Amino acid sequence: MPRSTFSSARGRLLLVVGVALLAGACAQAFQPAKFHTNDDLYRASFDRLQHHQWGDAVAGFDRLTLQLPARDSLMPLSMYYLGRAHEGAAEYLLAAQAYNRMAEAFPADTLAPDAMYRAGVSYAKLWRKPTLDATYGQLAIATFQTMRGRYPTSPLAAQAQEQIVRLDRWLARKMYENGMFYLRRKAPYSAIIYFQDVVRQYPATPEAKDALLRLVEVYQTVRYREDEKDACTTLRQRYPSDGDVLQACGPAPATAAAPTPTP
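Here we summarise the structure given alongside this text. Since this is a predicted model, take the numbers as computed values, not measurements. (Residues numbered from 1 in each chain as written. Predicted model: local features only at pLDDT ≥ 70, side-chain atom pairs only at ≥ 80, totals over all residues. Heavy atoms only, no water.)

**Topic: the packing of aromatic side chains**
Counted according to the given criterion, the structure contains 15 aromatic pairs. The interplanar angle of 85° and the centroid separation of 5.2 Å between the aromatic rings of Phe181 and Tyr182 together place this pair among those described as edge-to-face. Here Phe181 falls in the partly exposed class, since its relative accessible area comes to 36%. Note on Tyr182: relative accessible area 28%, which makes it partly exposed. By the ring-pair criterion, three or more aromatic residues cluster together here, those being Tyr42, Phe46, Phe61, Tyr80, Tyr81 and Tyr99. (Phe/Tyr/Trp six-rings, centres within 6.5 Å; stacked < 30°, edge-to-face > 60°. Buried < 20%, exposed > 50% of the residue type's maximum accessible area, 1.4 Å probe, protein only.)

**Focus: the state of the cysteines**
Here the structure, examined in full by the defined rule, presents one disulfide. Here Cys232 pairs with Cys249 through a disulfide, and the sulfurs are 2.2 Å apart. Here the disulfide of Cys232 and Cys249 is left-handed, its torsion about the S-S bond being about -85°. One end of the pair, Cys232, is in helix H11 (residues 225-238); the other, Cys249, is in helix H12 (residues 243-249), and 17 residues separate them in sequence. Side by side, Cys232 and Cys249 carry an identical accessibility label, which is buried. (Disulfide = S-S within 2.5 Å. Helix = DSSP H or I, 4+ residues; strand = E, 2+ residues; numbered from the N terminus.)

**Observations regarding the pattern of salt bridges**
Applying the stated criterion across every chain, the model contains 14 salt bridges. Between Glu207 and Arg169 there is a salt bridge whose closest N-O contact spans 3.0 Å. Of this pair, Glu207 sits in helix H10 (residues 206-222) while Arg169 is found in helix H8 (residues 157-184), placing the two residues 38 residues apart along the sequence. By relative accessible area, which is 2% here, Glu207 ends up buried. One connected set of salt bridges, linked through shared partners, spans Arg169, Arg173, Glu177 and Glu207. (Salt bridge = Lys/Arg side-chain N within 4 Å of Asp/Glu carboxyl O.)

**Details of H8**
Since the α-helix turns once every 3.6 residues, residues separated by three or four places project in the same direction. Taking 1.5 Å per residue, 28 residues should reach 40 Å; H8 reaches 41 Å between its end C-alpha atoms and fits that length. What H8 keeps buried is the set Ala157, Ala160, Gln163, Ile164, Leu167, Leu171, Ala172, Met175, Tyr176, Gly179 and Met180. Looking at the buried positions of H8, the neighbouring elements they touch are helix H6 (112-125), helix H7 (135-150), helix H9 (188-201) and H10. (Expected span 1.5 Å × (residues − 1). Contact = heavy atoms within 4.5 Å.)

**Observations regarding helix H3 (residues 54-67)**
With 14 residues, H3 should reach 20 Å at 1.5 Å per residue; the first-to-last C-alpha distance of 20 Å fits that figure. Within the span of H3, buried status applies to Ala57, Val58, Gly60, Phe61, Leu64 and Thr65. On the buried face of H3, the contacting elements are helix H2 (38-50), helix H4 (74-88) and helix H5 (92-105).

**A closer look at the environment of Leu235**
Here Leu235 is to be found in helix H11. Considering only alpha carbons, one finds Leu235 and Cys249, 14 residues apart in sequence, at a separation of 8.4 Å. Setting aside residues no more than four positions away along its own chain, Leu235 makes contact with Lys209, Leu212, Leu213, Val216, Pro240, Val245 and Cys249.

**Re unusual backbone geometry**
Phi is positive for His52, close to 60°, though the residue is something other than glycine. Residue position: His52 is located in the loop between H2 and H3. Although it is not a glycine, Ala90 adopts a positive phi angle of roughly 65°. Relative to the assigned elements, Ala90 resides in the loop between H4 and H5. For Ala90, a relative accessible area of 45% puts it in the partly exposed group.

**Some details on the environment of Pro253**
If you trace the backbone, Pro253 turns up in the segment after H12. Placed 20 residues apart in sequence, Pro253 and Thr233 show a C-alpha to C-alpha distance of 9.9 Å.

**Re the packing of H6 against H7**
Taken N-terminus to C-terminus, the directions of H6 and H7 make an angle of 165°; their axes are 7 Å apart at the nearest point. The orientation of H6 relative to H7 falls into the category roughly antiparallel. For H6 against H7, the interelement crossing comes out left-handed. Here Pro113, Met116, Tyr117, Ala119, Gly120, Val121, Tyr123 and Ala124 of H6 come into contact with H7, specifically with Tyr136, Leu139, Ala140, Thr143, Phe144, Thr146, Met147 and Arg150. Residue classes in the contact of H6 with H7 are distributed as twelve nonpolar, three polar and one charged. (Axes fitted to C-alpha atoms, helices over the stretch in contact; angles between N-to-C directions. Parallel < 35°, antiparallel > 145°, perpendicular 65-115°, else oblique. Left-handed = near helix turned anticlockwise from the far one by under 90°. Nonpolar A, V, L, I, M, F, W, Y, C, P; charged D, E, K, R; others polar.)

**A word on the side chain of Thr205**
Examined against the element boundaries, Thr205 turns out to sit in the loop between H9 and H10. Residue classification places Thr205 among the buried residues on the basis of a relative accessible area of 10%. At 2.9 Å, the side chain of Thr205 and the backbone oxygen of Tyr202 are in polar contact. With near-sequence residues (within four places) excluded, Thr205 lies in contact with Asp168, Arg169 and Ala172. (Polar contact = N/O pair within 3.5 Å; in protein donor to acceptor, adjacent residues only side chain to side chain.)

Following this line, the structure appears as structure tokens:
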């Protein structure tokens, strides 16, 4: 057989095999509507979840949440795992919504604390950098706070607090950077507002010290002597041995000795 004829025949064979494989794959596509019982669909959907077949898992658990009776024991599980499937697919907003639905519908379920925690994590993943819009970060904090209030004895309560601390620092950093933006553009009074907000709203963050130091500098520039003095007093109280504070504010003024009482 000539080489060209052989190549042509081999190409047709590969094409036929490829079409057959594609047809087989389509025939085996996950079709939630074809399962005869909810139990069968749940098991199949959970299997897809374990194998990271997120789209199939979403389709299966979503159908279950629509067709299961409200009091069916599979309902809270299906709602929770729908969130897990969305999260695995990096569909974080849909994941948070699914988790919240589960926690609101079944607050006494053992999975409810985990669902609320995962909802907070999903919101947090939507806030990718401190400099971006903080709406989802604030939603995450609110969700973690609610979770801790409802389930204070949950093992996840401590992790939720850690997440709050981390996100608070991101919010403080965003606010501090806003202040620096105005400072670089020679708008000291706008910068003061942002730096004061950092100190007031996020006093436990490292950014609070930085904001106070910037306030000292700005107050010096605009000749707000009393405000400068107050900022230095706060800095010395919070960071008594900090070198940056000593450099910005100098040593604390000597305290006058109390007069000796007359006998």
